[in-house]
Amino acid sequence: MPPQDSATPSSRSKITPEREQEFYAAVLELLREGGYDALTMEGVASRSRCGKSTLYRQWGNKPQLVACALRGTRGGNLTSIDTGTLAGDLREAATSLGAHSGRDTPLMHALSHAALQNPELLEALREGLVEPAVAAIDAMVARAVTRGEVAADNPALEFVAPQLMIAMRIRPMLEGHYGDAEYLRRFVDGAVLPALGLAGSRERELPKVPDPASPV
């Protein structure tokens, strides 16, 4: 039986980015068809027309392969966002997170349930998906503190990343709609930015009313 531990860099073979995407597509197709428990390395190998040993060399085990497939098929990269302001960064992050919510949210809900029963999957999802996203958003917040946009002792700072990620996941349960980009941008403007002491876009765009006591 192939080894189940994570593949080391020296043991991994070279595959093209195009071939890697084929493996990831096979994983997601099988997940949507039968769920995590029904997914097997044998099934992925058959669907992607490769030897099972190739999958073990590249990804080590099923949880790692699933986490890499989810991360590798997402279009946005939060680490590349740097607009120069925290408001701009968070709106871009909202756009990126919400861009594929209709495709990703049902799958992530199913995997989250499976992860509660599978510590190895939970750790792979946390390391491969959650922690990188949280780290990228935390970096946006840290830059804002350095620029003086937000006070370092603002108690809302530690909750920025959780707010965005929870809003995306919970909306289908609350309203029956996905947490898409437009919804998450409104959430940033209406909830996240005010908590940080920053004006949302709607407030910023309101016309100023002249003070009657001021000279014309």
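What counts as what
- Residues numbered from 1 in each chain as written.
- Predicted model: local features only at pLDDT ≥ 70, side-chain atom pairs only at ≥ 80, totals over all residues.
- Heavy atoms only, no water.
- Helix = DSSP H or I, 4+ residues; strand = E, 2+ residues; numbered from the N terminus.
- Expected span 1.5 Å × (residues − 1).
- Buried < 20%, exposed > 50% of the residue type's maximum accessible area, 1.4 Å probe, protein only.
- Salt bridge = Lys/Arg side-chain N within 4 Å of Asp/Glu carboxyl O.
- Polar contact = N/O pair within 3.5 Å; in protein donor to acceptor, adjacent residues only side chain to side chain.
- Contact = heavy atoms within 4.5 Å.
- Arc of directions from axis to C-beta.
- Phe/Tyr/Trp six-rings, centres within 6.5 Å; stacked < 30°, edge-to-face > 60°.

Colleague: Can you walk me through helix H5 (residues 86-98) in this structure?
Modeller: Along its 13 residues, H5 runs 18 Å from first to last C-alpha, staying within 8% of the 18 Å computed at 1.5 Å per residue. Counting buried positions along H5 yields 11 of 13 residues, so the element is predominantly enclosed. Looking only at H5, the buried set comprises Leu-86, Ala-87, Gly-88, Asp-89, Leu-90, Arg-91, Ala-93, Ala-94, Ser-96, Leu-97 and Gly-98.

Colleague: What am I meant to see in the pattern of salt bridges here?
Modeller: Overall, the coordinates contain 12 salt bridges when judged by the stated rule. Residue Glu-149 pairs with Arg-147 through a salt bridge whose shortest N-O separation is 2.6 Å. Between Asp-180 and Arg-171 there is a salt bridge whose closest N-O contact spans 3.9 Å. Accessibility expressed as a relative area gives 31% for Asp-180, which makes it partly exposed. Accessibility expressed as a relative area gives 10% for Arg-171, which makes it buried. Here the salt bridges share partners, and the residues they tie into one network are Glu-29, Glu-33 and Arg-47.

Colleague: Help me out: how do you make sense of the side chain of Arg-171 in this one?
Modeller: Here Arg-171 is to be found in helix H8 (residues 160-175). There is a polar contact of 2.8 Å between the side chain of Arg-171 and the backbone oxygen of Tyr-178. When neighbours within four sequence positions are excluded, Arg-171 is seen to be in contact with Gly-176, His-177, Tyr-178, Gly-179, Asp-180, Tyr-183 and Arg-186.

Colleague: I'm lost on the environment of Thr-105 in this one. Help?
Modeller: On the secondary structure map, Thr-105 appears in helix H6 (residues 101-117). Spatially, the C-alpha atom of Thr-105 lies 9.9 Å from that of Asp-180, the residues being 75 residues apart in sequence. With residues up to four places along the chain from it excluded, the contact list for Thr-105 reads Met-168, Arg-169, Pro-172 and Tyr-178.

Colleague: It is not clear to me how the side chain of Asn-154 should be interpreted in this structure. Could you clarify?
Modeller: When you line up the elements, Asn-154 lands in the loop between helix H7 (119-147) and H8. A residue is classified by how much of its surface remains accessible, and Asn-154, at 16% relative accessible area, is buried. Non-local contacts of Asn-154, meaning those with residues more than four positions away in its chain, are made with Ala-195, Leu-196 and Gly-197.

Colleague: How should I be thinking about helix H2 (residues 41-48) in this particular structure?
Modeller: Count 3.6 residues to each turn of an α-helix, and residues three or four apart come out pointing the same way. Along H2, the residues that are buried comprise Met-41, Val-44, Ala-45 and Ser-48. Projected onto a plane normal to the axis of H2, the buried residues spread over an arc of 100° and lie on a single side. Lining the buried residues of H2 we find helix H1 (17-34), helix H3 (52-59) and helix H4 (62-72). Residue Arg-49 follows H2 closely and has a positive phi angle near 55°.

Colleague: What am I meant to see in the packing of aromatic side chains here?
Modeller: Here a ring pair, both rings aromatic, is described through the centre-centre distance and the interplanar angle of the planes. What the rule picks out here adds up to 2 aromatic pairs. With centroids separated by 5.5 Å and ring planes inclined at 75°, the aromatic side chains of Phe-23 and Trp-59 adopt a geometry described as edge-to-face. Of this pair, Phe-23 sits in helix H1 while Trp-59 sits in helix H3; the two residues are 36 residues apart in sequence, bridging distant segments of the chain. Assessed through its relative accessible area of 1%, Phe-23 is described here as buried. A connected cluster of aromatic rings, assembled from ring pairs, spans Phe-23, Tyr-24 and Trp-59.

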